[in-house]
Structure formats: C-alpha cells, structure tokens
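Residues per chain are reported as follows:
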Amino acid sequence: MTLRDDQIERYSRHIILGDVGGKGQEKLLAAKVLIIGAGGLGAPIALYLAAAGVGTLGIVDGDCVDMTNLQRQVIHFTPDIGTPKVTSAFNKIRAINPDVTVHPIHDMVHSANIRDLIRDYDFIVDGTDNFSAKFLINDACVMENKPFSHGGILRFDGQTMTVLPKKSACYRCLFKQPPPKNAVPTCSQAGVLGAVAGMLGTIQAAEVLKYITGVGDLLTNRLQTFNAKSMIFRQVTVKQQSNCPVCSSSPTLTELVDYEGPVCDLRS
Amino acid sequence: MNVTINGQIEQIPSGLTIVGLLAHKSVEMPDMVSVELNGEILDRPAFDTTLVSEGDSLEFLYFMGGGQ
Ligand SMILES: [Zn+2]
C-alpha cells in the first residue's frame, strides 16, 4: 500500500511520530477492527480509530439512540434520537474519514453469531454494557484466537485489560463467572460520570493502535483501573490461571454460554 | 496486623478469613469482588477457608459491567 498525498497530509502527525511512521500508518489502513457496542466506550473508540485511519471498522449494536445516551455517547447527536446507533456511528465515521470502510451490524452479540462476527477482524474491542456480553466476547475471542480489549465502567471507575488469547491472562482468569443476577449494577442502574467513558474508551483505542502498529507494551497481564474522584490510576498484575475454564491448556468451557444479564434500562 | 489492600497498607484484626476481611472492610456486595492474594486469584470457595496473614498483599478486583 502506498499513501496518497492527501493521506500523507491527513496522517502527518502519525507519520512524523517515530514509532509509527508511514509503515505504521499503512498497517492501520490495512487493519480490521470490530467494536462491539456503540455506546459510552464504543463512541470514543470509534471516533479515534476512524480519525487514526483504521481501514475497516465493524460496529455491532442492537440499540437505537435515546435521550439518556447523549450525556456520554459522544458519537451520537440530538437529531440521531431514534436512529440505530450503528447508523448514527456510520454517518459520523464517514464524515470524519472517508478512508474508513464501515460495517454497521444492527444486532446484539449472542452465542450463535459472535464467532462468525469476529472471525474476519484482526482485533476486537469490548464496549458492551453487560456481563453476559463481556464473558461471551472473552470466551469467543479465546476460542477464535482473537486479541481483544476488555473495558468496563461504573460510576466514577473504569477498568481495562488487553488480552492475547492463551498468551496472557483472560477476563475469566480474573473473574471465573458472572456475578449472580442483579448483584451488579450496570450504568443505567448506578450512573456513570460521562467523561469516565471517554477516559476508558481512549485507553482502549490507544491499545488498538499500539497492537496494530506494534508500538510499545500492551496492557496484558495488567488490569488498569482508575477512579475519577481521586484521579488515582492503578495497575494490578495478574496472570493466566492454570485452571482457567477457557484459556488453560485443558479448558472445561468449550461451548459459548448466553448468561442472563441484568438489563440496562433506566425506566424498568 | 498489617496487610496491603489495593496498594494501601492497612491494619486489620488477626485471624480473619477472606470472607471476614470483606465484611470487615464493609464491601457492599462481596459477590462483585474477585480477590487476588499475593498474586494468585482465589477460587470463590476458598474465601471461607483462607486466612489472611501478616504482610499479605490483597487486591479486590471489582466487576465493572458498564460500557454503554
Ligand atoms: Zn483465562
């Protein structure tokens, strides 16, 4: 791939960046990234990956934009209310960067579709809002050997970890199973400071860019957490568990599971 | 005795199990917490039987389900 003149201009701040350069930019333009969830995390992730010139972006989300989303889901605008989030995201990405091919998928991930959805992509980003999807993404990515970024936010807190299946700790190495139903509040039940979604989502976006360009050390075997009230960022060192049900050498979990997750609905 | 919890040195009573420590720390929803003791993630059944010792380093990892 050779960069066009307009691309050399558009991506000049990457190209002059020592570790990325023209070669790194070409890798970005050739990369395929799937973002699952076009909400609080998916919004900044999609905006930054589009601006960075990631050549193919898949976006999966079954929801439509509603008024309560606009406090933090910065890819959606007031006139988008009622529109599928993937359509709204598609329109913004195309406007930011026509270099990007967008595949909007207006659906939710579940055990029957996720392996097919992720198969064609180089990297998967979890921007979902429920445990069922987070475990499903973890398990499917381990089974399909797809690197991915886990992300979660709640109130003033965020956490993220990058997973290289079977090479680094997976989500299930840390959390064996989802918590009991209704034990854990999701955003809609607990609230979230809008900018926390941006803080975490941009960390995830940076991990994607690092993975594709091969720059730096990925956030593997380290759970990055932060609390926006104290602005304390911490890393907890974790490791692959020899008894992990999904990523160990003798996994006990070999089929995907659809857990019944708490539903994210403010009005319920 | 002194232990380190999420990077902070804290004084706790001796003889606590993990369940006891979670209660002592008034962790609201213990089901939400995964516990790493000296670098090893504990299986949940071990929460009842594992005693916390002087100098232990513990990390409480919280489930964070949000993202929307
Ligand atoms: Zn694992």
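All values derive from a computational prediction rather than experimental measurement.

Asker: Give a description of the environment of A:Asp122 that names residues and reports values.
Answerer: Its location among the elements puts A:Asp122 in the loop between α6 (114–119) and β4 (123–126). Apart from the residues lying within four places of it in its own chain, the contact partners of A:Asp122 are A:Ala30, A:Ala31, A:Lys32, A:Pro147 and A:Tyr211.

Asker: Tell me about helix α4 (residues 42–52) of chain A, residues and numbers included.
Answerer: Residue and element names in this part refer to chain A. α4 sits mainly inside the fold: 9 of its 11 residues count as buried. Turning to α4, its buried residues number three or more, namely Gly42, Ala43, Pro44, Ile45, Ala46, Leu47, Leu49, Ala50 and Ala52. Where α4 terminates, the next one or two residues include Gly53, which has phi positive at roughly 85°.

Asker: Explain the sheet that holds β4(A) to me, and be specific about the residues and the numbers.
Answerer: Residues and elements named next belong to chain A. The strand order across the open sheet built from 8 strands is β3-β2-β1-β4-β5-β6-β7-β8, with neighbouring strands paired in mixed fashion. Bordering the open sheet on either side are β3 (101–105) and β8 (232–237), each of which pairs with just one other strand. Between one strand axis and the next, the sheet turns by 15° as a mean value, whatever way the strands run. Inspection of the sheet shows β4 paired to strand β5 (residues 148–154) by 2 bridges, in the parallel sense. Among the inter-strand pairings, Val125 is bridged to a residue of β5, identified as Ser149. In the packing of helix α5 (residues 85–96) onto the sheet, contacts are made with β2 (56–60) and β3, and the angle to β3 comes to roughly 170°. Along the sheet, helix α10 (residues 194–213) makes contact with β1 (32–36), β4, β5, β6 (157–163), β7 (222–227) and β8, crossing β5 at roughly 175°.

Asker: If you had to explain the nonpolar core to someone new, which residues and values would you point to?
Answerer: Residues and elements named next belong to chain A. Grouped together as the largest cluster of nonpolar side chains are 36 residues, with contacts concentrated most on Ile114, Ile124 and Leu174. Breaking this core down by element, the ones donating at least two residues are β1, α6, α7 (131–144), β6 and α8 (171–174). Counting residues per element, this core draws most heavily on α7, at 8 residues. Discounting chain neighbours no more than four positions away, the residues touching Ile114 are Ile36, Val109, Leu136, Ile137, Ala140 and Leu256. Counting 35 residues, the second-largest nonpolar core is a separate cluster that includes Leu49, Val54, Val100 and Ala197.

Asker: Describe in detail the coordination of the zinc ion, supporting the description with residues and values.
Answerer: All names here are of chain A. The zinc ion binds to the protein through Cys170 (SG), Cys173 (SG), Cys244 (SG) and Cys247 (SG), with metal-donor distances spanning 2.2 to 2.3 Å. Classification of the site at the zinc ion rests on its 4 donor atoms, whose angles at the metal span 97 to 121°, yielding the label tetrahedral. Site description for the zinc ion: donor spacing in sequence, C-x2-C-x70-C-x2-C. Residue Cys170 is located in the loop between β6 and α8, and its partner Cys244 is located in the segment after β8; the two are separated by 74 residues in the primary sequence. Judged by relative accessible area, which is 0%, Cys170 ranks as buried. The buried category is assigned to Cys244, whose relative accessible area is 1%.

Conventions adopted
Residues numbered from 1 in each chain as written. Chains lettered and ligands numbered in written order. Predicted model: local features only at pLDDT ≥ 70, side-chain atom pairs only at ≥ 80, totals over all residues. Heavy atoms only, no water. Helix = DSSP H or I, 4+ residues; strand = E, 2+ residues; numbered from the N terminus. Contact = heavy atoms within 4.5 Å. Buried < 20%, exposed > 50% of the residue type's maximum accessible area, 1.4 Å probe, protein only. Pairing = 2+ DSSP bridges. Axes fitted to C-alpha atoms, helices over the stretch in contact; angles between N-to-C directions. Core = buried A, V, L, I, M, F, W, Y, C linked by side-chain atoms within 4.5 Å. Donors = N, O, S within 2.8 Å, 3.2 Å for Na, K, Ca; no water. Tetrahedral: all angles 85-135°; square planar, octahedral: opposite > 155°, others 65-115°.

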